[in-house]
Amino acid sequence: MVSSQNIAPVRLVNIQALRGLAALMVVITHLPTMETKHAGDALLPQSVMLGISGVDLFFVISGFIMVYVTWQSQNSLRNAGEFLFARATRIYPIYWIVALALLAVWLVKPGLFSFDPEQTSIAKSLALWPQDGFPMLKVAWTLIHEMYFYMVFTLIILFAHKWRLVLLSLWMGAVVIGNLMGLSTLSPETALIFHPLSMEFFMGAVAAWLFLSGYKSGGGIMVALGLLGWLAAIIYLVTLPQLYFPVGWDRILLFGLPATLLTYGVACLEFKGRILPKCSEIFGNWSYSLYLTHVLALSVL
């Protein structure tokens, strides 16, 4: 058990605000697609697609929060089971409601959503199991990564606290090696297991480990570096001859690293008493529902 004196008396208000920002970024990303599909033209430039980097912020925050909420938990099968149950009941019920609503609308008006049941497994989509292509509700591809991380983390918290960071590091080493060996191309399952995006969960977890171990200084500098790094990544991609969004290890460098600095920085600022307004936390609490429903809502509108 780690001494309670290292536990930071913070409620993660600032991180909740970051999560709300991440959801907004993803919403903005999908606006040009909605405009083109339903109006035949787009007012916003294609560069807003870079707002999908909000997903990188989501993943880093998830890694941070998972370490934070289990910091004092003892290793036991019961605690691990309760952790996984809590994560699953947060993810699945709301997701099922939205996914089934999408399916119902598709049955009435198939042209409203780009969903083909002959190419996309409804069962795998509802289970958040990896498959070729996107799930039925396309934005749920991130939830597949989330559930994978939760299952890995469940196994890790079966061990004593002193071994958890070591095991996280071994897991990440296996992901990197497997990816470099080309194992991610074998099946949809291995594509998930050895995906570079797992690095962002790991980076968030390491940031939480440092924070809860007593390293809580330099929050302002970390936030500034994170924002500058994010801005530099966007400028770099916008100025390329052809705009694209990175999907490999370059994504981790361009957006995962700034997201980690931001997450760590705002947590340190909150520890020093610099807390964002209450409304920002409330908006952060809405982020998951907003993320799940925004494509459907925009399509209907």
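J.: How do you make sense of the overall build of the protein when you look at a structure like this?
T.: Looking only at helices and strands, the protein features 12 helices and 0 strands. Each helix and strand of the protein, ordered N terminal to C terminal, gives the series α-α-α-α-α-α-α-α-α-α-α-α. Here the protein has a C-alpha radius of gyration of 19 Å; the compact-globule value for 301 residues is 19 Å, and the two agree. Projected onto the principal axes, the alpha-carbon positions of the protein cover approximately 60 × 40 × 40 Å.

J.: Help me out: how do you make sense of the side chain of Ser287 in this one?
T.: Tracing the backbone through its elements, the reader meets Ser287 in helix α12 (residues 287–300). Exposure remark for Ser287: the relative accessible area of 1% places this residue in the buried category. The contact partners of Ser287, leaving out residues within four places of it in the chain, are Arg19, Gly20, Ala23 and Phe58.

J.: Explain the nonpolar core to me, please; I cannot follow it from the model alone.
T.: Soluble globular proteins: nonpolar side chains tend toward being buried together. Phe64, Tyr95, Leu128, Leu137 and Trp171 are the most contacted members of the largest nonpolar core, which totals 86 residues. Once residues lying within four places of it in the same chain are set aside, the contact partners of Leu128 are Ile91, Tyr92, Tyr95, Ala140, Leu143, Ile144 and Met147.

J.: Which parts of the structure should I look at to understand the pattern of salt bridges?
T.: A full pass over the atoms with the stated rule returns 2 salt bridges. The partner of Asp56 in a salt bridge is Arg251, with the nearest N and O atoms 2.8 Å apart. With a gap of 195 residues between them, Asp56 in helix α2 (residues 54–69) and Arg251 in helix α10 (residues 249–271) connect regions that are remote in the sequence. With a relative accessible area of 0%, Asp56 lands in the buried category.

Cut-offs used in this document
Residues numbered from 1 in each chain as written. Predicted model: local features only at pLDDT ≥ 70, side-chain atom pairs only at ≥ 80, totals over all residues. Heavy atoms only, no water. Helix = DSSP H or I, 4+ residues; strand = E, 2+ residues; numbered from the N terminus. Rg over C-alpha atoms; globule rule 2.2 N^0.38 Å. Buried < 20%, exposed > 50% of the residue type's maximum accessible area, 1.4 Å probe, protein only. Contact = heavy atoms within 4.5 Å. Core = buried A, V, L, I, M, F, W, Y, C linked by side-chain atoms within 4.5 Å. Salt bridge = Lys/Arg side-chain N within 4 Å of Asp/Glu carboxyl O.

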